[in-house]
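Residues per chain, in single letters:
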Amino acid sequence: MSAPALDNEFAQDVRAGLTRRGQKTLPCSYLYDDVGSALFEAITYLPEYGLTRADARVIQMHAGDLIESLPPNLITAELGSGSGSKTRAILETLRDREPAVYYPIDLSVTALEKCAQDLGSLAAVFPMRAAYLEGLREVAERRAPGQTLLVLFLGSTIGNFEADRAVDFLYAIRQCLQAGDALLLGTDLVKPVEQLLAAYDDPTGVTAAFNLNLLARINRELDGDFDLRQFEHVVVYSQEAQRIEMHLRSRIRQTVRIRKAGLVVEFEPHETIWTEACHKFRPEQVCVMARAAGFRLSAQWVDEEWPFAESLLVAG
């Protein structure tokens, strides 16, 4: 096969993940192209997937407590904002106290445009198309003296990191902040296994389509020839690691070519590509993570209907 025609980060990560010894992997961040983001939006409305609604309920119920606990002259930055729908309650509450300033940080231009359109009446919105930390560093550099920065990292995205990398990421956030700045961290909590499995393998097949779209994206962007009919969506739960794992399992022995990544990949029957890990937490584990990363736990609010926590962490 000729040398790669495309050597961007996506091609590099696909090569690294699919040539990995043992378990093949693909980074979960690539699930969220425009098609994947639309499918995930549909997932959030499924009755089996209560995480997003729980996240929104906690924020809606405790936005007042959150803003009251933070000093005036506040600016807000959201990592992976999407359309910013859950942030509305925070900005509405903040607007009642002072002019609200909001920096949504996301890689999706479509999501950022919707954010600006939907929330522009509540705040001065400054969309930033950037990776999490790159965007946060820029926000930190822009702020004026005396401003306090509130960072939002919602939806339990921290659960996509392995335990040690989660602490490393929180520490990297802390390095962007000044003492007294705050992080509102969403974490999905441990719950019955049957409930978790149903949430990530819904009977209507939307989550399966979301997962399989990653292979379709490789076909579209890297000239791959994955036959999606020969892969199936598989979900398992590790009690020890407290995590859901999403995989794509090969139904047959097959060879896949990904031309713009300069790659030929062999799959054995039942061999899987691990596409996402979704770690679940116990409330006390969030406090331990926070301390290890240089934060103190100021408040924690939990949804009882679908166990989910929003934790307010203050930079020490």
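This structure is a prediction, so every number in the text was calculated from the model and none was measured.

**Overview of the sheet that holds strand β12 (residues 272–279)**
- Strand order in the open sheet formed by four strands is β1-β12-β9-β8, with mixed pairing between adjacent strands. Edge positions in the open sheet fall to β1 (24–25) and β8 (231–238), since each of these has one partner strand only.
- Contacts from helix α9 (residues 206–222) reach β8, β9 (243–250) and β12, with the element oriented near 60 degrees to β9.

**Here's the deal with the pairing of β8**
- Sheet topology places β8 next to β9; eight bridges connect them, and they run antiparallel. Bridging across to β9, tyrosine 237 finds its partner in isoleucine 244.
- The hairpin turn running from β8 into β9, its antiparallel successor, is four residues long, and glutamine 242 in that turn takes a positive phi close to 55 degrees.

**Looking at the layout of surface pockets**
- Taken as a whole, the second largest pocket holds about 200 Å³ of empty space.
- Ala163, His279, Phe281, Gln285 and Met289 are, among the 14 residues lining the second largest pocket, the residues nearest its centre.
- At the level of elements, α7 (163–175) and α10 (283–292) are the ones that each hand at least two residues to the lining of the second largest pocket.
- Broken down by element, the lining of the second largest pocket gets its largest block of residues, three residues, from α7.

**Observations concerning the environment of arginine 257**
- With respect to the secondary-structure elements, arginine 257 resides in strand β10 (residues 254–258).
- In this structure the C-alpha to C-alpha distance between arginine 257 and leucine 46, which are 211 residues apart in sequence, comes to 35 Å.

**A look at empty space enclosed by the protein**
- Within this structure, the stated rule accounts for one cavity of 30 Å³ or more.
- Put simply, the largest cavity is a space of about 40 Å³.
- The greatest single-element share of the lining of the largest cavity, amounting to five residues, is contributed by helix α3 (residues 51–68).
- In terms of residue class, the lining of the largest cavity is built from six nonpolar, one polar and one charged.

**Section: helix α1 (residues 9–18)**
- Phe10, Ala11, Val14, Gly17 and Leu18 are the residues of α1 that are buried. Each buried residue of α1 lies within a common arc of 135 degrees when the element is viewed along its axis, so the set occupies one face.
- Where α1 begins, one side-chain oxygen reaches toward the backbone nitrogen of phenylalanine 10, 3.2 Å away; that side chain belongs to asparagine 8.

**A short note on the pattern of salt bridges**
- Going through the model one piece at a time under the given rule, you end up with 21 salt bridges.
- Among the ionic pairs, aspartate 181 bridges to arginine 143, the shortest N-O distance being 2.7 Å. Of this pair, aspartate 181 sits in the loop between α7 and β7 (182–188) while arginine 143 is found in the loop between α6 (132–142) and β6 (148–153), placing the two residues 38 residues apart along the sequence. Accessibility assignment for this pair places aspartate 181 and arginine 143 in one class, buried.

**Digging into the packing of helix α2 (residues 34–43) against α9**
- One way to put it is that α2 packs onto α9 with a least axis distance of 9 Å and a crossing angle of 175 degrees. Classified by the interaxial angle, the pair formed by α2 and α9 is roughly antiparallel. For the pair α2 and α9, contact is made by Val35, Gly36, Leu39, Phe40, Ala42 and Ile43 and by Val206, Thr207, Ala209, Phe210, Asn213 and Arg220, respectively.
- Residues that form the contact of α2 with α9 fall into these classes: eight nonpolar, three polar and one charged.

**Brief notes about unusual backbone geometry**
- Of note, the phi angle at aspartate 223 is positive, near 55 degrees, even though the residue is not glycine.
- In this structure, aspartate 223 sits in the loop between α9 and β8.
- Unusually for a residue other than glycine, histidine 270 sits at a positive phi of about 75 degrees.
- Looking at where histidine 270 falls in the secondary structure, it is placed in the loop between β11 (263–267) and β12.
- Residue class for histidine 270 comes out exposed when judged on its relative accessible area of 58%.

**Here's the deal with the packing of aromatic side chains**
- Tallied over the full model, the rule gives 14 aromatic pairs.
- Ring centres 5.5 Å apart and planes at 70 degrees place the aromatic pair phenylalanine 226 and phenylalanine 231 in the edge-to-face group. Like phenylalanine 231, phenylalanine 226 is buried.
- A connected cluster of aromatic rings, assembled from ring pairs, spans Tyr32, Phe40, Tyr49, Tyr200 and Phe210.
- The ring of phenylalanine 267 carries lysine 24 above its face, with NZ or CZ at 5.2 Å from the centroid.
- The lysine or arginine in question, arginine 217, covers the ring of phenylalanine 10, its NZ or CZ lying 4.8 Å from the ring centre.

**What about the nonpolar core?**
- Within the largest apolar cluster, 40 residues are counted, with the highest numbers of intra-cluster contacts made by Val14, Leu18, Tyr200, Phe226 and Ile258.
- A total of seven residues in this core trace back to one element, the largest contributor, which is α9.
- Beyond its immediate chain neighbours, meaning those up to four positions away, tyrosine 200 contacts Tyr49, Leu51, Asp188, Thr207, His233, Val235, Ile244, Met246, Cys278 and Lys280.
- Formed by 35 residues, the second largest nonpolar core is a distinct cluster that contains Met128, Leu136, Phe153 and Met289.

Procedures and definitions
Residues numbered from 1 in each chain as written. Predicted model: local features only at pLDDT ≥ 70, side-chain atom pairs only at ≥ 80, totals over all residues. Heavy atoms only, no water. Pairing = 2+ DSSP bridges. Helix = DSSP H or I, 4+ residues; strand = E, 2+ residues; numbered from the N terminus. Contact = heavy atoms within 4.5 Å. Axes fitted to C-alpha atoms, helices over the stretch in contact; angles between N-to-C directions. 1 Å grid on protein atoms, 1.4 Å probe; cavity = no way out; pocket = protein on both sides within 12 Å on 5 of 7 lines; lining within 4 Å. Points joined across faces, edges and corners; volume = space filled by probe spheres on them. Nonpolar A, V, L, I, M, F, W, Y, C, P; charged D, E, K, R; others polar. Buried < 20%, exposed > 50% of the residue type's maximum accessible area, 1.4 Å probe, protein only. Arc of directions from axis to C-beta. Polar contact = N/O pair within 3.5 Å; in protein donor to acceptor, adjacent residues only side chain to side chain. Salt bridge = Lys/Arg side-chain N within 4 Å of Asp/Glu carboxyl O. Parallel < 35°, antiparallel > 145°, perpendicular 65-115°, else oblique. Phe/Tyr/Trp six-rings, centres within 6.5 Å; stacked < 30°, edge-to-face > 60°. Lys NZ or Arg CZ within 6 Å of the ring centre and 35° of its normal. Core = buried A, V, L, I, M, F, W, Y, C linked by side-chain atoms within 4.5 Å.

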